[in-house]
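One letter stands for each residue in the lines below.
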Amino acid sequence: METVLIRERYKVVQVLEAGGDYAFAETVDITDREMPVRLLNIYEGQQAATYAAVYTKMEHTAFCEAFLCGESLVAAFLPCTGLPIDRVFYRGAVWDWQQRLEYAELLLHQALSMANLPPAISCAAWLSENVYIDRDNHRVGLRWRIRPMAGMNARELALLAGDQAQKVLAPRFAQGDAEAAFAARLRRGEFVSIVPLYAAWRRAAQQMREEYEALDKKNKFKRWFALLWKQCKRQLWKRRERRG
């Protein structure tokens, strides 16, 4: 197979997407012996002109560089570790409340750190396919597959981050009222940007922790009964909401 080198530096290992005016490839930076893997977003045609302006405002530790290669624009990023969020926080996955609160904090703090990035980049990075959970190192990372997306704005970032947080704060028998209430706010899309969303999360997280700690102090039977009662009340609220 013919070796493809981009800018005499990035050796293409695998093309992960190609079509229209966009391609995404895994490469090796032959000038870097320690951390050689790079992910390249390649834009052509009108997308190259559009994203050339977007990447001039890009500042992030995972961003390596953006450059022209012929008539194409190429943006290089460092990879992340872990597994896609949908393979980690799936329905029925066993996590204790401390772990769920820990990863929700990591997730939403990561989104907050991107508040000043161009929405065309930050929103694309928060699609489910790009959000990775590294359980070994207790990290949330992003695979920077910045596929062209039109009409992105600050509210879209809050909605996308909220969608991912809902997977961590998923409905379950052992879910406390404070967590369920915050997850409901995410489902309703109440937040206009990631900053007020994160502020609300910090307030709610303290309430969640206090509620769970109080439950943990109960014996097994009393804790089970308290959770059962919470579930019954939630079902009643849902029925009332459906009736209007």
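### Describing the layout of surface pockets
For step 1, the next point in the chain: The computed volume of the second largest pocket comes to approximately 320 Å³.
For step 2, the next point in the chain: Forming the boundary of the second largest pocket are 18 residues, of which Pro 79, Cys 80, Thr 81, Arg 139 and Gly 141 lie nearest the centre.
For step 3, the next point in the chain: The set of elements that each furnish at least two residues to the lining of the second largest pocket consists of strand E4 (37-43) and strand E9 (139-142).
For step 4, the next point in the chain: In terms of residues, the lining of the second largest pocket owes the most to one element, E9, which gives 4 residues.

### Some thoughts on the packing of aromatic side chains
For step 1, the next point in the chain: Across all of its chains, the model carries 15 aromatic pairs by this definition.
For step 2, the next point in the chain: Judged by centre distance (5.4 Å) and plane angle (50°), the rings of Tyr 22 and Tyr 43 are tilted. Remark: Tyr 43 occurs in strand E4 and Tyr 22 occurs in strand E3 (residues 22-29); sequence separation between them is 21 residues. Of the two residues, Tyr 22 and Tyr 43, both sit in the buried class.
For step 3, the next point in the chain: Look at Phe 89 and Tyr 103: their rings are 5.9 Å apart centre to centre, the planes differ by 65°, and that puts the pair in the edge-to-face class. One end of the pair, Phe 89, is in the loop between strand E7 (83-84) and helix H2 (97-112); the other, Tyr 103, is in helix H2, and 14 residues separate them in sequence.
For step 4, the next point in the chain: On the accessibility criterion, Phe 89 (5% relative accessible area) is buried.

### Some details on the pattern of salt bridges
For step 1, the next point in the chain: A complete count under the given rule lists 14 salt bridges for this structure.
For step 2, the next point in the chain: Taking the shortest distance from any N to any O, the salt bridge between Arg 139 and Asp 134 comes out at 3.7 Å.
For step 3, the next point in the chain: Relative accessible area serves as the criterion here: at 5%, Asp 134 is assigned to the buried category.
For step 4, the next point in the chain: Put simply, Glu 190 and Arg 188 hold a salt bridge, and the shortest N to O gap is 2.7 Å.
For step 5, the next point in the chain: When salt bridges with common partners are traced through the structure, they connect Arg 7, Arg 9, Asp 29, Asp 32, Arg 38 and Glu 65 into a single cluster.

### Digging into the environment of Phe 77
For step 1, the next point in the chain: With respect to the helices and strands, the residue Phe 77 is situated in strand E6 (residues 72-77).
For step 2, the next point in the chain: Given the relative accessible area of 0%, Phe 77 is considered buried.
For step 3, the next point in the chain: Between the alpha carbons of Phe 77 and Ala 66 there is a distance of 9.2 Å; along the sequence they are 11 residues apart.
For step 4, the next point in the chain: Those residues in contact with Phe 77 that lie beyond four places of it in its chain are Val 37, Arg 38, Leu 39, Asn 41, Tyr 55, Met 58, Ala 62, Phe 63, Cys 64, Trp 144 and Ile 146.

### Let's talk about the nonpolar core
For step 1, the next point in the chain: In terms of nonpolar packing, the biggest core is built from 61 residues, with Tyr 55, Trp 126, Trp 144, Ile 146, Phe 182 and Trp 201 touching the most fellow members.
For step 2, the next point in the chain: Setting aside its immediate chain neighbours within four residues, Tyr 55 contacts Asn 41, Tyr 43, Phe 63, Ala 66, Leu 73, Ala 75, Phe 77, Ile 121 and Ile 146.
For step 3, the next point in the chain: The next biggest cluster of nonpolar side chains, apart from the first, holds 8 residues, and it includes Ile 6, Leu 40, Val 74 and Ala 76.

### With respect to helix H4 (residues 154-168)
For step 1, the next point in the chain: Over its 15 residues, H4 extends 22 Å from the first C-alpha to the last, a length consistent with the 21 Å expected when each residue adds 1.5 Å.
For step 2, the next point in the chain: Those residues of H4 lying buried are Leu 157, Ala 158, Leu 160, Ala 161, Gly 162, Gln 164, Ala 165, Gln 166 and Val 168.
For step 3, the next point in the chain: Looking at the packing, one finds that the buried side of H4 touches H2, helix H3 (119-125), strand E8 (131-134), helix H5 (177-188) and helix H6 (194-216).
For step 4, the next point in the chain: Its side-chain oxygen at 3.1 Å from the backbone nitrogen of Arg 155, Asn 153 defines the N-terminal cap of H4.

### Description of the sheet that holds E6
For step 1, the next point in the chain: The sheet built from 6 strands is open, its strands ordered E1-E2-E3-E4-E6-E5 with antiparallel pairing. Each edge of the open sheet is held by one strand with a lone partner, namely strand E1 (5-6) and strand E5 (63-69).
For step 2, the next point in the chain: Summarising the sheet, E1 and strand E2 (residues 10-19) pair through 2 bridges and their orientation is antiparallel. In the sheet register, Ile 6 faces E2, and the bridge partner there is Tyr 10.
For step 3, the next point in the chain: Against the sheet, helix H1 (residues 45-55) engages E4, E5 and E6, with an angle of about 40° to E6.

### Quick look at the pairing of E6
For step 1, the next point in the chain: Among the 6 residues in E6, 6 count as buried, and that is most of the element.
For step 2, the next point in the chain: In E6, alternate side chains face the same way, and those of Ser 72, Val 74 and Ala 76 on one face and Leu 73, Ala 75 and Phe 77 on the other are all buried.
For step 3, the next point in the chain: Where E4 lies against E6, 5 bridges are found, and the strand directions are antiparallel. Bridging from a neighbouring strand, Asn 41 pairs with Ala 75 of E6.
For step 4, the next point in the chain: Bridging between E5 and E6 involves 6 bridges; their strand directions are antiparallel. Bridging across to E6, Leu 68 finds its partner in Leu 73.
For step 5, the next point in the chain: In this structure, the hairpin formed by E5 and E6 is closed by a connection of 2 residues, where Gly 70 is found at a positive phi of approximately 65°.

Reading guide: rules and limits
Residues numbered from 1 in each chain as written. Predicted model: local features only at pLDDT ≥ 70, side-chain atom pairs only at ≥ 80, totals over all residues. Heavy atoms only, no water. 1 Å grid on protein atoms, 1.4 Å probe; cavity = no way out; pocket = protein on both sides within 12 Å on 5 of 7 lines; lining within 4 Å. Points joined across faces, edges and corners; volume = space filled by probe spheres on them. Helix = DSSP H or I, 4+ residues; strand = E, 2+ residues; numbered from the N terminus. Phe/Tyr/Trp six-rings, centres within 6.5 Å; stacked < 30°, edge-to-face > 60°. Buried < 20%, exposed > 50% of the residue type's maximum accessible area, 1.4 Å probe, protein only. Salt bridge = Lys/Arg side-chain N within 4 Å of Asp/Glu carboxyl O. Contact = heavy atoms within 4.5 Å. Core = buried A, V, L, I, M, F, W, Y, C linked by side-chain atoms within 4.5 Å. Expected span 1.5 Å × (residues − 1). Polar contact = N/O pair within 3.5 Å; in protein donor to acceptor, adjacent residues only side chain to side chain. Pairing = 2+ DSSP bridges. Axes fitted to C-alpha atoms, helices over the stretch in contact; angles between N-to-C directions.

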